[in-house]
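# What the coordinates show
Residue-level listing of the chains:
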Amino acid sequence: HRNPHRQNLFGIVQGHLDPDLRDYSLKEMIKRNFPGYAIGGLSGGEAKDAFWRVVEQCTRPETGLPADKPRYLMGVGYPLDIVVCV
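In what follows, the accompanying structure is described. (Residues numbered from 1 in each chain as written. Predicted model: local features only at pLDDT ≥ 70, side-chain atom pairs only at ≥ 80, totals over all residues. Heavy atoms only, no water.)

### Brief notes about the layout of surface pockets
- For the largest pocket, the calculated volume is near 170 Å³.
- If you go around the largest pocket, the residues you meet are Ile39, Val55, Thr59, Arg71, Tyr72, Leu73, Val76, Asp81, Ile82, Cys85 and Val86.
- Of all the secondary structure elements, the ones that give two or more residues to the lining of the largest pocket are α2 (48-59), β3 (71-73) and α3 (79-85).
- Classifying every residue of the lining of the largest pocket gives eight nonpolar, one polar and two charged. (1 Å grid on protein atoms, 1.4 Å probe; cavity = no way out; pocket = protein on both sides within 12 Å on 5 of 7 lines; lining within 4 Å. Points joined across faces, edges and corners; volume = space filled by probe spheres on them. Helix = DSSP H or I, 4+ residues; strand = E, 2+ residues; numbered from the N terminus. Nonpolar A, V, L, I, M, F, W, Y, C, P; charged D, E, K, R; others polar.)

### Concerning the pattern of salt bridges
- Summed over the entire model, instances satisfying the criterion amount to five salt bridges.
- As a salt-bridge pair, aspartate 81 and lysine 48 come within 3.0 Å of each other at their nearest N and O atoms. One end of the pair, aspartate 81, is in helix α3; the other, lysine 48, is in helix α2, and 33 residues separate them in sequence.
- Taking the shortest distance from any N to any O, the salt bridge between arginine 60 and glutamate 56 comes out at 2.6 Å.
- Residue arginine 60 is classed as partly exposed on the basis of its relative accessible area of 33%.
- Among the ionic contacts, a cluster of salt bridges with common partners joins Glu28, Lys31 and Arg32. (Salt bridge = Lys/Arg side-chain N within 4 Å of Asp/Glu carboxyl O. Buried < 20%, exposed > 50% of the residue type's maximum accessible area, 1.4 Å probe, protein only.)

### Some remarks on the pairing of strand β2 (residues 36-39)
- Where burial is concerned, the two faces of β2 agree: the one with Gly36 and Ala38 and the one with Tyr37 and Ile39 are both buried.
- Looking at chain direction, strand β1 (residues 10-13) and β2 are connected through four bridges and run parallel. Bridging from a neighbouring strand, phenylalanine 10 pairs with glycine 36 of β2.
- Of the crossover connections in this fold, the one passing from β1 over helix α1 (residues 19-31) to the parallel β2 is right-handed.
- As a crossover connection, the stretch from β2 through α2 into β3 is right-handed. (Pairing = 2+ DSSP bridges. Right-handed = clockwise from strand over helix to strand, strands pointing away.)

Spelled out as C-alpha cells, the structure:
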C-alpha cells in the first residue's frame, strides 16, 4: 500500500465457526507477514462458547496469530466478550 510508514495493513482471518476454514485462513494470513491481524468472520450473534472457541483457536500459542503483532477482534459488542477475550 502507499503509506506503510503511517498506516498498517491488517490481514483478516475468516472462516466463521468452521475450525478447518479458520486453520486454512490463519496459515495463509500468517504467511503474508502483515504488520497486524484481525479476527473477522463473526457477527457477534453467535453462541458465546462458539465465539470464544474461535478466538481461542486464532490466538493459540504456536498455531495462532503471532503474539508479537497487534491483534484486533472484530465484532465484539458485549462487555463479557471483552473480559473473556482479553
